[in-house]
Amino acid sequence: MADDSKKKGRDRGLVSEREHEVAYLMRTAKVTRQKALEAIREAGPRREKVMAYLQGK
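Residues numbered from 1 in each chain as written. Predicted model: local features only at pLDDT ≥ 70, side-chain atom pairs only at ≥ 80, totals over all residues. Heavy atoms only, no water.

So, the nonpolar core
Just so we agree on the cut-off: As used in this record, nonpolar core signifies buried Ala, Val, Leu, Ile, Met, Phe, Trp, Tyr and Cys residues forming a set joined through side-chain atoms within 4.5 Å. Categorising residues by exposure relies on relative accessible area from a 1.4 Å probe, with only protein chains included: less than 20% of the type maximum marks a residue as buried, more than 50% marks it as exposed, and the intermediate range marks it as partly exposed. Numbering of helices and strands runs from the N terminus; a helix is a DSSP stretch of H or I covering at least four residues, while a strand is a stretch of E covering at least two. Any two residues whose heavy atoms approach within 4.5 Å at even a single point are treated as in contact.
Membership of the largest hydrophobic core is limited to 11 residues, which are V15, V22, L25, V31, A36, L37, A39, I40, V50, M51 and L54. At the level of elements, α1 (19–29), α2 (33–43) and α3 (47–54) are the ones that each hand at least two residues to this core. The biggest single contributor to this core is α2, with four residues. Apart from residues lying up to four places away in sequence, I40 is in contact with V15, S16, E17, V22, L25 and V50.

Structure, rendered in structure tokens:
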């Protein structure tokens, strides 16, 4: 059961600095580890914003 019953679904739209998520960003966006971490810190936890940041939008 979820910690907060008001929140439903998965948090696939979020990204963190966990190793497997950074590796995924590195693979899909073809960037270095440092650039992937920078994008997460600058753009925030929303996956679409991180990808947009990495693509230079």
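Regarding α1
So the rule is basically this: By arc we mean the arc of the directions from the helix axis to the C-beta atoms, nothing more.
Of the residues making up α1, those classed as buried are E21, V22 and L25. Angular distribution of buried residues about the axis of α1 spans 100°; they occupy a single face of the element. Facing away from the buried surface of α1 by more than 90 degrees, the exposed residues are H20 and R27. Looking at the buried side of α1, the elements it contacts are α2 and α3. Backbone geometry just after α1 places K30 at a positive phi near 55°.

A word on the pattern of salt bridges
Between side chains of opposite charge, a pair can form as their charged atoms come close. How we decide: By convention in these notes, a salt bridge is any Lys or Arg side-chain nitrogen within 4 Å of a carboxyl oxygen on Asp or Glu.
Overall, the coordinates contain four salt bridges when judged by the stated rule. The residue E19 makes a salt bridge to R33 at a minimum N-O spacing of 3.0 Å. Of this pair, E19 sits in helix α1 while R33 sits in helix α2, and the two are 14 residues apart along the sequence. E19 gets classed as partly exposed once you look at its relative accessible area, which sits at 49%. Judged by relative accessible area, which is 38%, R33 ranks as partly exposed.

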